[in-house]
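Here is how the chains run, residue by residue.
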Amino acid sequence: MAGWRRVVLCFRKLSWGSRAPRVAPRPRAAGAGLLASAVAAGGVALYRQQTASGARPLRVYADEQKASKGLKRLRFNQFASVEYQQEPYMTPRDFLFSVMLEKVDRKLQKRVLTKKDVDQMLASSARVRPGSELFRTLGDNGLVSYTEYLFLLTILTKPHTGFHIAFKMLDVDGNEHVDKKEFLKLKKIIRNSRVRLPKEDVLLITANNSSASLGAQRPAEEAEGVNTSLQTLFFGRNGEKKLQYLDFRRFMEDLQAEVQQMEFLQFSRGMDTMRREDFAAWLLHYTNEEDNQQCWQNLRRIPAGQSISFDEFKAFCLFTNNLDDFGFSVKLVADAHRPIGLAQFKRAVKIATGHDLSDNVLDTIFKLFDMDGDDRLSHKEFLSVMEDRVLRGLKVTQQTGVSGYWRCVKRETLKGAKEALGGAGCPF
């Protein structure tokens, strides 16, 4: 590591040279110096990532599972707006924002709750009626713990065929209903399986997220005796109720429907229909813009003045929760190593979901992902983008070889330019 530091210093000395005191360097020299420093710093950043992960030279990435859990923890801390017994909690409104928005510009401190505040929140949770507006109705009158946040994220990506499997995970004794003790047992398993990241990995994960307060916040250890809104909804204020499968299934369907409604209204700007170009922007939201530059350029292919209804949007959301089945279906109807045409795509969707996608939706997909203009798309690239979309930015993308190195260079270049010029702008 000391050798790499010497390389950085050498680059800086060679590029900047000797400078007289109180004399500003010329812009061209500054630009060259920053570029050379960034190239070296990119190598340093790449080397540090390799060292941390035990990877081979020119292979960037640590353990994906650990990094993904670190992202979820950081995201939870970022959106959590309340604190109780020195632990952060989300409100139902916070959870909805966390799955809709990439980041939140929080200008206020977390609200510290008293026992009276929590009791009032749980009383509101006990009175609310189930439905597809449950979280919006509760707003800030509720508590969501970190383990419940992970549980809710899982629900959002579950196909309807997986609802009963999810219930069986809760039903430990197999008696076809779940009590509070079984639910708390599952929460404890989730909590104990969390992976804490080293400080350097946290900094690496948050390189593109400038919220400094996230990395500084310690991981929460949820208090065992704290009741939450989800527990109250499932088991009542005193925990005496049993959760039946039909009630659990309805809760999962309602949550998926509520998030779909919110995202549709967000990208349709409150209208009853969504323009096709806005639907395309929703598709690419949360995906890596550098990897999908061609898709963003393909937005120009989409004809103006055509819209997608909420029912069409909802059918596509159902499809995205069945991506594994779709990937398997593609292998049945086409060559897995070759791009597929529209007819094969439609057949694979039908096999995976039992439903059809509208012509508007299908044409938008092919306009975006048909890279060669031959009315065929690479289903592997499409699935990769859709997985990013479904996981809402919580997927850690593996970077390898020279491309990973130059991404480090780009990041260090922008960082160095900002530091050297005091935010005045990039010199080149």
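Residues numbered from 1 in each chain as written. Predicted model: local features only at pLDDT ≥ 70, side-chain atom pairs only at ≥ 80, totals over all residues. Heavy atoms only, no water.

## Considering the overall build of the protein chain
Then, number 1: Of the regular secondary structure elements, the protein chain holds 21 helices and eleven strands.
Then, number 2: In the protein chain, which comprises 428 residues, the share counted as buried stands at 46%.
Then, number 3: When contacts within the protein chain are restricted to residue pairs at least 6 apart in sequence, those whose partners lie at least 24 apart make up 74%.
Then, number 4: As displayed, the protein chain offers around 23000 Å² of accessible surface, 52% of which is attributable to carbon and sulfur atoms. (Helix = DSSP H or I, 4+ residues; strand = E, 2+ residues; numbered from the N terminus. Buried < 20%, exposed > 50% of the residue type's maximum accessible area, 1.4 Å probe, protein only. Contact = heavy atoms within 4.5 Å. Areas by Shrake-Rupley, 256 points an atom, 1.4 Å probe, with all protein chains shown as cover.)

## Describing the packing of helix α17 (residues 323–333) against helix α18 (residues 342–353)
Then, number 1: Packing of α17 against α18 brings their axes to within 8 Å, and their N-to-C directions diverge by 130°. In terms of orientation, α17 and α18 fall into the oblique class. When the axes of α17 and α18 are compared, the crossing they make is right-handed. Two secondary-structure elements touch here, α17 through Asp 325, Phe 326, Ser 329, Val 330 and Val 333 and α18 through Gln 344, Phe 345, Arg 347, Ala 348, Val 349, Ile 351 and Ala 352.
Then, number 2: A class-by-class count of the residues in the contact of α17 with α18 yields eight nonpolar, two polar and two charged. (Axes fitted to C-alpha atoms, helices over the stretch in contact; angles between N-to-C directions. Parallel < 35°, antiparallel > 145°, perpendicular 65-115°, else oblique. Left-handed = near helix turned anticlockwise from the far one by under 90°. Nonpolar A, V, L, I, M, F, W, Y, C, P; charged D, E, K, R; others polar.)

## Quick notes on the UniProt feature "domain: EF-hand" (unreviewed entry) in the protein chain
Then, number 1: Using the residue numbers shown here, the UniProt feature "domain: EF-hand" (unreviewed entry) corresponds to residues 357–392.
Then, number 2: Annotated as residues 357–392, this span is 67% helix and 6% strand, and its ends, taken at the C-alpha atoms, are 22 Å apart. (UniProt positions renumbered as here; feature names shortened; annotations may be inferred.)

## Concerning the packing of helix α14 (residues 276–284) against helix α16 (residues 310–320)
Then, number 1: Put simply, α14 and α16 touch, their axes get as near as 13 Å, and they point 20° apart. Considering their axes alone, α14 and α16 lie roughly parallel with respect to each other. Our pair here, α14 against α16, has a crossing hand that is right-handed. When α14 is examined against α16, the residues Phe 279, Trp 282 and Leu 283 are found in contact with a partner set consisting of Phe 313, Phe 316 and Cys 317.

## Some details on the side chain of His 285
Then, number 1: The topology assignment puts His 285 in the loop between α14 and α15 (293–297).
Then, number 2: The residues touching His 285, leaving out its near neighbours within four places in the chain, are Met 100, Glu 102, Phe 267 and Arg 389.

## Some details on the sheet that holds strand β2 (residues 82–84)
Then, number 1: Taken in spatial order, the three strands line up as β3-β2-β4 in an open sheet, and their pairing is mixed. Each edge of the open sheet is held by one strand with a lone partner, namely β3 (87–89) and β4 (111–112).
Then, number 2: Note that β2 and β4 share two bridges and pair parallel. Residue pairing for β4: Val 82 is matched across the bridge by Arg 111. (Pairing = 2+ DSSP bridges.)

## Focus: helix α8 (residues 163–170)
Then, number 1: Taken as a whole, α8 has its buried residues at Phe 163, Ala 166, Phe 167 and Leu 170. The arc that holds the buried residues of α8, viewed along the axis, is 100°, so those residues lie on one side. The exposed set on the far side of α8, more than 90 degrees from its buried face, consists of Ile 165 and Met 169. (Arc of directions from axis to C-beta.)

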